[in-house]
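# Structural description and commentary
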Amino acid sequence: MTNSTPVYRNYINGEWRDSENGKTQHSINPANKNEIVGIIPDSSKQDLEDAVAAAKAAKLAWRKLAGVQRGNFLFKVADIMESRTNEIGEAMTMEMGKTLPEAKGETARGVAILRYYAGEGMRKIGDVIPSSDADAFLYTTRSPIGTVGVISPWNFPVAIPIWKIAPALIYGNSVVWKPATETAVTAAKVMQCFHDAGLPSGVLNMIVGSGSVIGQGIAEHADINGITFTGSNAVGKAVGQAALARGAKYQLEMGGKNPIIIAADADLDLAVEATISGGLRSTGQKCTATSRVIVEKDVYEEFKSKLLGKVAELKVGNGLDSGTWLGPCANEKQMDTVLSYINKGVEEGAVLLHGGTRPADGDLADGFYVTPAIFDKVTSRMSIAQEEIFGPVLTLIEVNDMQEAIELANDTDYGLSASIYTRNIGNAMLFVQEMEAGLVRVNAETAGVELQAPFGGMKQSSSHSREQGQAAIEFYTSIKTVFIKP
Ligand SMILES: NC(=O)C1=CN([C@@H]2O[C@H](COP(=O)(O)OP(=O)(O)OC[C@H]3O[C@@H](n4cnc5c(N)ncnc54)[C@H](OP(=O)(O)O)[C@@H]3O)[C@@H](O)[C@H]2O)C=CC1
Ligand SMILES: O=C(O)CCC(=O)C(=O)O
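One structure accompanies this document, and this report is about it. Just so it is clear, the structure is predicted and the values come from calculations on it, not from any experiment. Along each chain, numbering runs from 1 in the same order as the chain's sequence is written. Chain A is the first chain written and ligand 1 is the first ligand written, with later ones labelled in order. Reporting in this predicted model follows two pLDDT cut-offs: at least 70 for local features of residues, and 80 or more for side-chain atom pairs to be given and counted; totals over whole chains, interfaces and linings ignore these cut-offs and use all residues. To obtain the side-chain values, all non-hydrogen atoms of the structure were used and water was disregarded.

## Quick notes on unusual backbone geometry
With a phi angle near 60°, Phe-390 is a residue other than glycine that sits in the positive phi range. Only DSSP runs of H or I with at least four residues qualify as helices, and only runs of E with at least two residues qualify as strands; both kinds are numbered from the N terminus onward. Looking at where Phe-390 falls in the secondary structure, it is placed in the loop between α12 (383–386) and β16 (393–399). Given the relative accessible area of 15%, Phe-390 is considered buried. Residues other than glycine seldom take positive phi values, yet His-464 does so here, at roughly 75°. With a 1.4 Å probe rolled over the protein chains alone, any residue whose accessible area is under 20% of its type maximum counts as buried; one over 50% counts as exposed, and the rest are partly exposed.

Put into structure tokens, the structure is as follows:
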């Protein structure tokens, strides 16, 4: 740490503030654990109380603005964020490791999401329904839920909070946001865009602190009317239980164990490209990442050798370097988890064909790097085929036919995304019909969420709600049915 290490604060009621207890912590660069990216707060419950009080006080005036006026703020935030794409992208790469092009791409996606929801301020929010009383006017409108608690993860530190905050704001809610500690510097840069756009004080507040204090505090706070969460299954369920216990609304987006099926008739080159992109971009740290690669036996060996050839070409390194394809894991704990799954895979009898080790050479030795791992001879019940690893690990599973492929694709507690590579329309239709996943993609990788379409999982992957697109209105508002008789 040097005297010039930047210091970041909480954002409460329109001001940057130190945490009340004065405690701080460091945000570390996963590409080099000796580099401190910023000094960030380690906030207390009192900071949360202040943020909730500010959000509560601001919500009425915010709700009373026209949707178009709220939208104008979001358009301004989008313009500011767009002008800071490089700065925000660099902060993201330095805090959680994804490559700079991916980080800048994600920032651009945040801008697009802001513009999409800014436009929502002008769209319809209800229906006219014929009343059984000929003189009456029966219609629906929408009310904001009040103050929304946003708990966001580190893997998409711009896009995920924006796809929660933007709809919350456009539909008239105030927000208390707890970003992942891992990416608090990136979060502060996002927050600064809202501040510079002149968002009224208290409408959006940001508190940086531990999940067990600030996150849990949000889940349990009586003045937070709804909580939206993305992260691990265990924490998501605890958040949901705390919200349910006090009758608050909640929305959970959690893990995935996403399959790609490679049919015997697939274009294998395209399938290899999609498997690599879906499984290994962002170092496999996407809830939509491909992790189970289910291949029909007739093309298994050919697919495997093409995949190995291409994976061997991927350059692991610092995400800021232009030649890097794959950055480090986001933190040491994540790296240890990935390495422990790789050991477990070997212990369970899978064959590690490639990677799965820490590079020991030069600059990489100080980072949380794991080379991309490919496992052969995987069976569906192995832990590496069942549990979310959240790292650069692909597991290859051989099947006899399409029916078996779909059965195994569904043989998981999760149901977030799934894809198939095939040229046969019958295979594609069967897959779309039978696959138990919220996002199913034909001849496309498992990741790749479009901001204007609903996103969410089946089974253990979500609380069965949907985010993004117009689906977001269901969580951030309540329907009010209105009957008026002169
Ligand atoms: N679905 C997805 O997109 C994601 C899935 N994951 C999965 O979770 C695993 C662990 O990652 P991790 O970062 O620990 O995920 P967590 O679920 O712990 O973190 C997600 C968010 O929840 C917060 N949080 C942590 N504990 C609590 C709590 N008790 N109450 C309320 N909020 C809390 C975190 O805060 P803080 O950062 O301060 O701990 C963070 O803001 C990964 O290996 C991966 O499998 C992780 C991230 C995203
Ligand atoms: O695939 C994507 O773009 C979104 C992934 C996501 O929501 C997540 O990893 O949490």
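## Regarding the packing of aromatic side chains
How two aromatic rings sit relative to each other is set out by the distance from centre to centre and by the angle between their planes. Centre distance within 6.5 Å is the pairing criterion for rings of Phe, Tyr and Trp, where only the six-membered ring of Trp is used; planes under 30 degrees apart are then read as stacked, over 60 as edge-to-face, and the remainder as tilted. Counting across every chain of the model gives seven aromatic pairs. Plain terms: the ring middles of Trp-163 and Phe-455 are 5.8 Å apart, the flat faces sit at 80° to each other, and that makes the pair edge-to-face. You can see Trp-163 sitting in helix α5 (residues 159–170) and its partner Phe-455 sitting in the loop between β19 (439–442) and β20 (458–459), a full 292 residues away along the chain. As far as the burial class goes, Trp-163 and Phe-455 line up, both buried. Look at NZ for Lys and CZ for Arg. If either is within 6 Å of the ring centre and within 35 degrees of the ring normal, a charge sits over the ring. The aromatic ring of Phe-156 is capped on one face by Lys-98, whose charged end is 4.0 Å from the ring centroid.

## A closer look at the packing of helix α2 (residues 67–83) against helix α6 (residues 184–196)
In this analysis an axis means a line fitted to C-alpha atoms, helices contributing only their contacting stretch, and an angle means the value between N-to-C directions, from 0 to 180 degrees. As a packed pair, α2 and α6 sit with axes 8 Å apart at the nearest point and diverge in direction by 130°. Compared by their axis directions, α2 and α6 come out oblique. As α2 runs across α6, the sense of the crossing is right-handed. Counting all contacts with α2, which are made through Leu-74, Val-77, Ile-80 and Met-81, the residues of α6 involved are Val-190, Cys-193, Phe-194 and Asp-196. The scheme is simple: roughly parallel for angles under 35 degrees, roughly antiparallel for over 145, roughly perpendicular for 65 to 115, oblique for anything else. It is the rotation of the near helix from the far one that decides the hand of a crossing: anticlockwise by less than a right angle makes it left-handed, clockwise makes it right-handed. Residue contacts follow a heavy-atom distance rule, with two residues in contact if any of their heavy atoms lie within 4.5 Å.

## As for the site of ligand 1
Within the structure, ligand 1 sits among 27 residues, and Ser-152, Trp-154, Thr-181, Ser-232 and Glu-388 are positioned closest to it. Any N or O atom pair separated by 3.5 Å or less is treated as a polar contact, with the protein-specific requirement of one donor-capable and one acceptor-capable atom, and with residues adjacent in sequence counted only for side-chain atom pairs. Measuring from an oxygen atom of ligand 1, one finds a backbone N or O atom of Gly-209 at 3.4 Å. The contact in question runs from a nitrogen atom of ligand 1 to an N or O atom on the backbone of Gln-216, over 3.4 Å. Protein chains bury 85% of the 850 Å² of accessible surface belonging to ligand 1 in isolation. Counting atoms within 2 Å of the grid points, the majority share of ligand 1 lands in the largest pocket. For the shell around ligand 1, the secondary structure elements donating two or more residues are α7 (211–220), β10 (226–230), α8 (233–245) and α11 (332–347). Here the shell around ligand 1 takes four residues from α7, the largest share from any one element. Residue ranges for the domains trace back to a domain assignment, done automatically or taken from a database. Three or more residues apiece are contributed to the shell around ligand 1 by two domains, here domain 1 (10–254 + 462–484) and domain 2 (258–450). Residues are counted as near a molecule or strand when any one of their heavy atoms sits within 4 Å of it. Areas reported as accessible are Shrake-Rupley estimates using a 1.4 Å probe. Residue values count occlusion only from the protein chains shown. Method remark: on a 1 Å grid restricted to protein atoms, a set of points is classed as a cavity if a 1.4 Å probe fits but cannot get out and as a pocket if it is open with protein on both sides within 12 Å along at least five of seven lines; lining residues have an atom within 4 Å of a point. More than half of a molecule's atoms lying within 2 Å of a cavity's or pocket's grid points is what places that molecule inside it.

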